[in-house]
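# Secondary and tertiary structure notes
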Amino acid sequence: MALLTIASRFRAVFDSAEALGTPPKAVTIAAEGAGRPRLICFPALSALSGPHEYTRFGLDLQGLRPVSVLPHPGFLPGERLPATLGAFVAAQAAAVLAGADAEPFALLGRSAGGWAAHAVAEHLERAGVGPAAVVLIDTYPGNNGNDGPALSAMTAGTLDRAAQFASAETDRLTAMAGYLELFSGWEPAALSAPTLFVRAGDGLPGTEPPTPWSLPHSEITVPGDHFTVLEDHARTTALAVHNWLTDRL
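The sections below set out a description of the structure shown in this document. (Residues numbered from 1 in each chain as written. Predicted model: local features only at pLDDT ≥ 70, side-chain atom pairs only at ≥ 80, totals over all residues. Heavy atoms only, no water.)

### Describing the nonpolar core
Our working rule: What makes a nonpolar core is a set of buried Ala, Val, Leu, Ile, Met, Phe, Trp, Tyr and Cys residues whose side-chain atoms join them at distances within 4.5 Å. Only protein chains enter the area calculation, which uses a 1.4 Å probe; residues under 20% of their type maximum are buried, those over 50% are exposed, and those in between are partly exposed. Only DSSP runs of H or I reaching four residues or more are called helices, and only runs of E reaching two or more are called strands; each is numbered from the N terminus. Contact between two residues is taken to exist if any of their heavy atoms lie within 4.5 Å; hydrogens are not considered.
Counting 35 residues, the largest nonpolar core has F42, V96, L107, V120 and F183 as the members making the most contacts within it. Those elements giving two or more residues to this core turn out to be strand 3 (38-42), helix 4 (85-100), strand 6 (105-110), helix 5 (113-126), strand 7 (133-137) and helix 7 (170-182). Once you skip the residues sitting within four places of it in the chain, L107 turns out to touch I40, F42, V96, A117, V120, A121, L124, P131, A133, V134 and V135.

Written out as structure tokens, the structure is:
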């Protein structure tokens with residue numbers, strides 16, 4: 001990972017939302033449903049991340065609640081990485097507002113994508129246009145040093161999966177390393193919006209359960225591990241999130 005981090009520093013970057021230009025466009029994965037707020041999801045910050053990781057999740061919410069996924073810039077060839085965490089958050093916040101189309105919305109992130117969801121929620125709340133809720137799927141505050149073994153296991157699992165797919169090209173690998181460096185030392189702040197922490201019921205081999213989300217939140221446990229909660233067990237996870245949003249809001 002150290003070599004990937006060094007390589008990421010040679011990538012072209014943008015230093016503000018304005019410098020990026022047109023914000024990333026949300027990908028719709030569930031177009032229909034009377035449930036509100038609509039869900040805007042952030043992928044994990046891994047080499048294999050992207051809208052596709054929510055495919056099953058979205059299918060299971062079709063007809064129940066609109067769901068879209070907001071890609072992170074820098075994972076595709078020719079895309080620039082953010083130079084700072086502030087530039088990234090501002091760009092994604094602009095993209096969220098564009099994708100919400102003036103409707104109520106909730107932000108959701110899986111794994112380190114939860115860091116992005118929470119950071120963007122903080123930014124939007126300061127601007128007076130915060131989300132109705134934030135959902136964190138097996139997200140841990142590990143970059144402050146408390147969950148090193150768990151995060152190492154998650155990263156190792158990601159790299160192992162990446163080695164099996166041709167899509168894990170250099171751009172994706174260096175983007176992952178670059179984003180992990182951006183969030184190094186980041187500390188989430190308390191939100192006004194209610195937060196749901198969705199815990200994977202099965203731990204990763206060889207690790208103790210990571211420290212749970214430290215800020216005020218509701219918590220539910222769903223079947224599966226860090227990866228399969230949005231794969232084999234996506235339906236259970238999707239309905240748990242949908243039901244919590246329906247009951248809570």
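Text resumes after the structure shown.
### Notes on the environment of A26
In this fold, A26 is placed in the loop between helix 2 (17-20) and strand 2 (27-30). Linking A26 and F42, residues 16 residues apart in sequence, is a C-alpha distance of 9.6 Å.

### Looking at a nonpolar patch on the surface
Convention followed: Patch definition: residues above 30% relative accessible area lacking any salt bridge, with like charges linked at up to 9 Å and the nonpolar side chains Val, Leu, Ile, Met, Phe, Trp and Tyr linked at up to 5 Å. Working definition of accessibility: Shrake-Rupley area with a 1.4 Å probe, residue cover restricted to the visible protein chains. A carboxyl oxygen of Asp or Glu within 4 Å of a side-chain nitrogen of Lys or Arg is what we treat as a salt bridge.
Residues L3, I6 and F10 make up a contiguous nonpolar surface patch of about 400 Å² in total accessible area. Structurally, the position occupied by I6 is in helix 1 (residues 2-8).

### Describing the environment of V222
Topologically, V222 is positioned in strand 9 (residues 218-222). Measuring from C-alpha to C-alpha, the distance between V222 and H233 comes to 8.2 Å, with 11 residues separating the pair along the chain. Once residues lying within four places of it in the same chain are set aside, the contact partners of V222 are V198, R199, A200, G201, V229, T237 and A240.

### Topic: the sheet that holds strand 2
The cut-off we apply is this: At least two bridges found by DSSP between two strands are what make those strands a pair. Only the contacting stretch of a helix is used when fitting its axis, a line to C-alpha atoms as for every element, and angles between N-to-C directions run 0 to 180 degrees.
A sheet is described by the order of its strands in space; here 7 strands give the open sequence 2-4-3-6-7-8-9, paired in mixed fashion. The open sheet has two free edges, formed respectively by strand 2 and strand 9, since each of these has just one partner strand. With direction set aside, neighbouring strand axes in the sheet form an average angle of 25 degrees. Pairing of strand 6 with strand 7, which is carried by 5 bridges, proceeds in the parallel orientation. Across the sheet, residue R110 finds its bridge partner in strand 7, namely I137.

### A short note on the packing of aromatic side chains
Rules: Only centres within 6.5 Å qualify two rings of Phe, Tyr or Trp (six-membered ring in Trp) as a pair; their planes then separate them into stacked at under 30 degrees, edge-to-face at over 60, and tilted for everything else.
Counting across every chain of the model gives 7 aromatic pairs. Measuring from centroid to centroid gives 5.0 Å for F88 and Y179, while their planes differ by 65 degrees, and the two rings are edge-to-face. Of this pair, F88 sits in helix 4 while Y179 is found in helix 7, placing the two residues 91 residues apart along the sequence. Y179 matches F88 in its accessibility class, with the two residues each being buried. Their ring planes at 75 degrees and their centres at 5.5 Å tell us that Y140 and F197 sit as a pair that is edge-to-face. Of the two residues, Y140 is situated in the loop between strand 7 and helix 6 (148-162) and F197 in strand 8 (residues 195-200); the sequence distance between them amounts to 57 residues. Neither Y140 nor F197 differs from the other in exposure class; each is buried.

### Remarks on the pattern of salt bridges
Evaluation of the coordinates by the stated rule reveals 9 salt bridges. Of the charged contacts, one joins E53 and R110 as a salt bridge, the two residues approaching to 3.1 Å between their closest N and O atoms. Residue E53 is located in the loop between strand 3 and helix 3 (55-61), and its partner R110 is located in strand 6; the two are separated by 57 residues in the primary sequence. In this structure E53 comes out as buried when scored by relative accessible area, which is 13%. Through salt bridges that share partners, R36, R38 and E103 make up one connected network.

### What about helix 8 (residues 234-248)?
Defined as follows: Here a helix's expected span is defined as the number of its residues, less one, multiplied by 1.5 Å. To obtain the arc, one takes the directions from the helix axis to the C-beta atoms.
Taking 1.5 Å per residue as the helical rise, helix 8 with its 15 residues ought to reach 21 Å, and the 21 Å between its terminal C-alpha atoms agrees with that figure. Residues of helix 8 that are buried include every one of A234, T237, A238, V241, H242, W244 and L245, and no others. Angular distribution of buried residues about the axis of helix 8 spans 160 degrees; they occupy a single face of the element. Contact partners of the buried residues in helix 8: strand 3, helix 3, strand 6, strand 7, strand 8 and strand 9.

### A few points about the side chain of D138
Condition: Any N or O atom pair separated by 3.5 Å or less is treated as a polar contact, with the protein-specific requirement of one donor-capable and one acceptor-capable atom, and with residues adjacent in sequence counted only for side-chain atom pairs.
Within the secondary structure layout, D138 lies in the loop between strand 7 and helix 6. Within the local environment of D138, its side chain forms a polar contact with the side chain of Y140, the two groups lying 2.7 Å apart. The residues contacting D138, other than those within four sequence positions of it, are S111, V198, R199, A200 and H226.

### Here we look at unusual backbone geometry
Omega for the bond connecting R36 with P37 falls within 30 degrees of zero, at 10 degrees, which places this linkage in the cis form. Relative to the helices and strands, P37 is located in the loop between strand 2 and strand 3. A positive phi is found at A102, a non-glycine position, where the angle reads about 70 degrees. With respect to the helices, strands and loops of the structure, A102 is situated in the loop between helix 4 and strand 6.

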